[in-house]
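# Breakdown of the fold
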Protein chains: 6
Amino acid sequence: MRPSGRAPDQMRAITIETGYSAHAEGSCLIGFGDTRVLVTASLEERLPPWLRGKGKGWVTAEYGMLPRATHTRGNREAAKGKQSGRTQEIQRLIGRSLRTVVDMDVLGERQFTLDCDVLQADGGTRTAAISGAWVALRLAVDKLLADGKLTADPIKSQVAAVSAGIHEGTPVLDLDYIEDSNAHADANFVLIGDGKIAEVQATAEGATFDEEELLRLLRLARIGCTDIFAAQRKATGR
Amino acid sequence: MRPSGRAPDQMRAITIETGYSAHAEGSCLIGFGDTRVLVTASLEERLPPWLRGKGKGWVTAEYGMLPRATHTRGNREAAKGKQSGRTQEIQRLIGRSLRTVVDMDVLGERQFTLDCDVLQADGGTRTAAISGAWVALRLAVDKLLADGKLTADPIKSQVAAVSAGIHEGTPVLDLDYIEDSNAHADANFVLIGDGKIAEVQATAEGATFDEEELLRLLRLARIGCTDIFAAQRKATGR
Amino acid sequence: MRPSGRAPDQMRAITIETGYSAHAEGSCLIGFGDTRVLVTASLEERLPPWLRGKGKGWVTAEYGMLPRATHTRGNREAAKGKQSGRTQEIQRLIGRSLRTVVDMDVLGERQFTLDCDVLQADGGTRTAAISGAWVALRLAVDKLLADGKLTADPIKSQVAAVSAGIHEGTPVLDLDYIEDSNAHADANFVLIGDGKIAEVQATAEGATFDEEELLRLLRLARIGCTDIFAAQRKATGR
Amino acid sequence: MRPSGRAPDQMRAITIETGYSAHAEGSCLIGFGDTRVLVTASLEERLPPWLRGKGKGWVTAEYGMLPRATHTRGNREAAKGKQSGRTQEIQRLIGRSLRTVVDMDVLGERQFTLDCDVLQADGGTRTAAISGAWVALRLAVDKLLADGKLTADPIKSQVAAVSAGIHEGTPVLDLDYIEDSNAHADANFVLIGDGKIAEVQATAEGATFDEEELLRLLRLARIGCTDIFAAQRKATGR
Amino acid sequence: MRPSGRAPDQMRAITIETGYSAHAEGSCLIGFGDTRVLVTASLEERLPPWLRGKGKGWVTAEYGMLPRATHTRGNREAAKGKQSGRTQEIQRLIGRSLRTVVDMDVLGERQFTLDCDVLQADGGTRTAAISGAWVALRLAVDKLLADGKLTADPIKSQVAAVSAGIHEGTPVLDLDYIEDSNAHADANFVLIGDGKIAEVQATAEGATFDEEELLRLLRLARIGCTDIFAAQRKATGR
Amino acid sequence: MRPSGRAPDQMRAITIETGYSAHAEGSCLIGFGDTRVLVTASLEERLPPWLRGKGKGWVTAEYGMLPRATHTRGNREAAKGKQSGRTQEIQRLIGRSLRTVVDMDVLGERQFTLDCDVLQADGGTRTAAISGAWVALRLAVDKLLADGKLTADPIKSQVAAVSAGIHEGTPVLDLDYIEDSNAHADANFVLIGDGKIAEVQATAEGATFDEEELLRLLRLARIGCTDIFAAQRKATGR
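What you see is a predicted model, and the numbers here were worked out from it, not measured in a lab. (Residues numbered from 1 in each chain as written. Chains lettered and ligands numbered in written order. Predicted model: local features only at pLDDT ≥ 70, side-chain atom pairs only at ≥ 80, totals over all residues. Heavy atoms only, no water.)

Moving on: the interface of chain B and chain A. Across the boundary between the two partners, chain B contributes 37 residues, which contact 37 residues of chain A. Summing both partners gives a buried area of about 2,900 Å² for chain B against chain A, and 46% of it is carried by carbon and sulfur. One can count 12 salt bridges joining chain B with chain A. With a closest N to O distance of 2.7 Å, A:Arg76 and B:Asp115 form a salt bridge. Joining chain B to chain A, the criterion identifies 24 residue pairs in polar contact (both at pLDDT 80 or more). Residue assignment for the side of chain B that touches chain A shows that the elements contributing at least two residues are strand S3 (35–44), strand S4 (58–65), helix H1 (77–80) and strand S5 (111–120) of chain B. Here the residues of the side of chain B that touches chain A are counted per class, giving 16 nonpolar, 11 polar and 10 charged. (Contact = heavy atoms within 4.5 Å. Buried area = accessible area lost by both parts, 1.4 Å probe. Salt bridge = Lys/Arg side-chain N within 4 Å of Asp/Glu carboxyl O. Polar contact = N/O pair within 3.5 Å; in protein donor to acceptor, adjacent residues only side chain to side chain. Helix = DSSP H or I, 4+ residues; strand = E, 2+ residues; numbered from the N terminus. Nonpolar A, V, L, I, M, F, W, Y, C, P; charged D, E, K, R; others polar.)

So, about unusual backbone geometry. With a phi angle near 55°, B:Asp174 is a residue other than glycine that sits in the positive phi range. We classify B:Asp174 as buried; its relative accessible area is 0%. (Buried < 20%, exposed > 50% of the residue type's maximum accessible area, 1.4 Å probe, protein only.)

With 26 residues, helix H6 (residues 211–236) of chain A extends 37 Å from end C-alpha to end C-alpha; this agrees with the ideal 38 Å at 1.5 Å per step. One or two steps after H6(A), the chain reaches A:Gly237, where phi turns positive at roughly 70°. (Expected span 1.5 Å × (residues − 1).)

Another aspect to go through is the relation of the copies chain E and chain F. With an RMSD of 0.0 Å, chain E superimposes on chain F once it is rotated by 180° and translated 0.0 Å along the axis. The symmetry that links the two subunits is that of a two-fold axis. Of every C-alpha in chain E, the one belonging to E:Gln201 sits nearest the axis of rotation, 2.3 Å from it. Interface residue correspondence from chain E to chain F reaches 100%, placing this contact among same-surface, isologous pairings. (Least-squares fit on C-alpha atoms with pLDDT ≥ 70 in both.)

Let us now look at the interface of chain E and chain F. Contact with chain E, which involves 28 residues of that partner, is made by 29 residues of chain F. Taken together, the links from chain E to chain F amount to 6 salt bridges. Residue F:Arg222 is joined to E:Glu211 by a salt bridge in which the shortest nitrogen-to-oxygen separation is 3.9 Å. Linking chain E with chain F are 14 residue pairs in polar contact (both at pLDDT 80 or more), by the criterion used here. Elements with a contribution of two residues or more to the side of chain E that touches chain F: helix H2 (85–99), strand S9 (197–204) and helix H6 (211–236) of chain E. Counting residues per element, the side of chain E that touches chain F draws most heavily on S9(E), which supplies 8 residues.

The next thing to look at is the side chain of B:Asp176. Residue position: B:Asp176 is located in the loop between strand S7 (170–173) and helix H5 (177–182). In this structure, B:Asp176 is in contact with B:Ser4, B:Arg6, B:Arg12, B:Asp122 and B:Gly123, ignoring residues within four places of it in sequence.

Let us now look at the sheet that holds strand S1 (residues 14–18) of chain E. Residues and elements named next belong to chain E. An order of S1-S2-S3-S5-S4 is seen for the 5 strands of this open sheet, with the pairing classed as mixed. The sheet is open, and its two edges are formed by S1 and strand S4 (58–65), each paired on a single side. On average, each strand axis in the sheet is tilted by 20° relative to the strand beside it, whichever way the strands run. Taken together, the 9 bridges between strand S3 (residues 35–44) and strand S5 (residues 111–120) define a ladder with antiparallel strand orientation. Across the sheet, residue Leu 43 finds its bridge partner in S5, namely Phe 112. Each of S4 and S5 is contacted by H2, which is oriented at about 145° to S4, the strand it contacts most. Strands in contact with H6 are S1 and strand S2 (26–32); relative to S1, the strand with the most contacts, it is inclined by about 25°. (Pairing = 2+ DSSP bridges. Axes fitted to C-alpha atoms, helices over the stretch in contact; angles between N-to-C directions.)

Least-squares fitting of chain B to chain A yields an RMSD of 0.0 Å, with the superposition described by an axial translation of 0.0 Å and a rotation of 180°. Residue by residue, 100% of the interface of chain B is reproduced at the interface of chain A, so both copies engage with the same surface.

Structure below.
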């Protein structure tokens, strides 16, 4: 039995509130249960120096967590003067995941920055962030298409992410904080709309795992992403 | 005529949603029109070194703005590696304002940190933050009182803040972003429940001002704070 | 009775030694009693990026305090690797105050940086800095006028600053360190030559204050600035 | 055909020179082809604060790359004043991997820091670092055992890491720099001596991959780790 | 002929104004011609961690230069967020030089920090700083002796420093800025009262030098230090 | 008797392994006894801003020490976020020393960066670094000459460095760590091929020294540099 009473292959409630931010080109407040992440997509004509003049675009991401998003207050990274290794790892993952589904030639010389800020954390903040980032980017690109600034769609597919792990010997989907703290293995999967894999990060915590367990976690992730893909389509009218 | 159609002495809609954060001892999402600030009050038994062993408590504040809270995306302070002078000025003001109404001897050896994070900005983020911080602190202290951890109430009064400025020659209350960008003088007032003043910060922008104008701005601030005090009482059941 | 024996509306001795620095375009060592601030005005043809090509100039300020300017040695900000919030607040105030009296169109595409370094501190370092910065800038601009590099005078008025506060129940002018440490309210006023107000920063310390008290502090500030304006004119031969 | 002429399941030459550093408790210079990493294991009695007094030990890692380890000179992180996200990601991975095979209760209240410095880079620096770190740690622990400072062996198993990726449609083992730059998918596997998995990090680059491809990469990794385990045993006399 | 008209072995005017700072235990404003350095000696009961509990004292130094001490304005190190290599080199030299003449056992468990801040620079700021630091320290120690906090004198000797260099083929003493910019070799000597050498730093600039030239520079330095020693004694009444 | 059994004027074994790094334009691993420094010379077409467009080149250096190069592990400077004063002092010395023997007009608009990383430390790391940097630079320049990118040789002379100090009353050459820790005076000499001096840095530690001792140390340094010059010529085939 999971602490939350969920079935092993059951996601938490997925909520997506689009247009949360009045200023951003695209935005949403995504929830995986009690985890809530505010994602904004910001369009900039400016590109990173190494990409200029090549006719291609770029998608990047930044991640942050409000100091009291967690059970006990954490230090504010701006006050400490640097982003933690964990923060950098996550924002690199988000950017990489989104770039997997964007055709940079079609996007042309513009950049989207996806800001993912965790308002409340209960496990799975990075997977909610990736899943919400697709929604924010989709809405921002739809606006460019509607305005005639883009004539072809640079987004090739959906992308979503979910965690799975082995909790008290059982593979379970979408770990919340309590499960995450006790899991013997913890994996994050980034999948795209056609079922292919963009990223696997599976880590032993306490006990190592074997190939069979890895595959079982991957299959749980497929189930979860199917739900997330549906929620993304509903939220964006796609 | 104000760009928003408001009367000169009219506040924007004040909204206060308490309990926004599941983990914090006290929290609210406060809105002054389109300005939205999430405030959490976090209790820590740890005190700043210079206060230890004196039987007194402390209240401090931190302030941040999400990169896309504004019309164009700003840099993330955590990524830049330092807080701007503006951020530090504001968080010092918030902490100072709240300390004005707290009896540190009654609070005893504990510290509250008030995190004020701007989710969306449309002028007046520091005044909304101060006004919301009182609500978050009030709720957190009520919890300590209810739990019997405090037997007397360390909060002596309400505290609220509002801006006023001279826009196209007319003194107006609670400037939004458009007014703020064009005001010839811009003032922030922090008032306490009995009508006394905790802080005045009045700055000429373009044109200087005289004593009469300063007094007219102060009187507008009294009108605004009366509204905010009422909203605070309603939100906290006081 | 004030600790220094001064009357409530009495300034400390104002001393201004011009040309203190051989290299700067304009400079002075200003003293308000035992508070001594060395101010230099440095001319640069380079402008901040957002101002380039607009035919306008800029005035900015930096503030520092020598580690042993104070009763007990403070940390050197260069060694700590960052400027404190207090330092940033003060240097922003100095720059803003001086810009109030400069016509940027007449100044043209050049920038003055006002470096205000406190050699000895006894209260009122920011007000002495603002008052001395006007002298250094006035001297530097006079040199440009004398050299024919400017044909019209960009300085529209004098600007000076002074503190006032409520000490043991009495409003007093130009607080020294002992008074500042014990004042129940502490205000800094920046006034310009025609009597108008450029900035008011009034803060409750311990006890709050009311409108009447604010006005009494403002009136003390007018008395103090009259003295400073006279000293500035004498020092610059205006 | 691979650029290097290797078979798809062929490792580069594995070289391990133990005792490279005269001062460290354990050390080796490990080579995977032209990739060379100097690893030292340093024993400290001091523990991270959150572990003190619990009777347990800790293993952590730091990673660096000499500026000219690469084809074109990179910036020195010490001179830039911060470690890149990539560096932090890698050093977190190394520490996590080694902790998988260490019994912290048996180790007792002491910490090993594994410094992995890349002298020359040709792909696979993180996998060589993990594989070499085990050797350095093994030697350092053997010294504690020989000196009687430990009576039981805290190292439960070998741990090694290797990359595999899809290069021009073919899954290949242990990518060198040229292959790494062109791979469509790139994975790092950390395996332990009994065949179990400690970590999988598989990332799509350009094209996504499917479950079958993931498994083929994992099987290549098993082949590679078998070679590395043998080289580790030979180097440490185990 | 030297640009200043001085003879090759002639110092600039040495001026020492003691008691410049009201708060410091010892202080002076030292001038070597137009070079002016404010030095304060601050007593702290706190020692660096590695010295605690050994019955010994410590002397350390910090060095800074006001942004407009120089011909063109330099960046403020506090604003840049770090001290330059040059600054660190100089402050390490000052501390080392002063420690040469202090008996740390006699000083006992207390630390003096010598802050040397350059108000105006015209070459030789580090040598003036060292020479002035001795005066500030002497005065501070005399105060401890007078107060009975020290019963024996921990200062064993005078220490002074001066530059010498080869300018247009001629060895000259105490280079000013113009000479320093054109010298083919530039040396700083720290000498103690009995004629012994505490430090030599001789650097070729453009042309290298030989043993004979090094000795001629050293002999010039002896002449200069004799003058400085006399000025130090006069300033401190020794 | 020296702890190592060496005669007072005897160098440790000098070893130079050229071509240690596959990527760098020139490189060597230089050893002075147990001190080992890896030096790479990297060619960049980019120049520092203040040198651009003047037809001249530049030579600069960076220095680092692996955390466990020393007896006890030191902090990693990249992790601390800044280079120590010692590191900066040394890298400035290395760059200055090499520039003494390079004709920047002949070099033309290109820069060499000499990275000197200490793999193992046993005293004399800066002198080994300078001596090795000449080898790496010589090899890199020879390559430019061989490739016809330079038609004249910009290197005017050899440059080498060695330490000498007074250990237990005796002047000795090339101090190792044990001697360095106990020396009463410690000097580093940078000499060029024709016997002239590029730099002298002589520091009293505990006891001061006199002119005669300084000269004896210089003469020892001449002996040492003769050996190093021979090893440099052998390593580079000059």
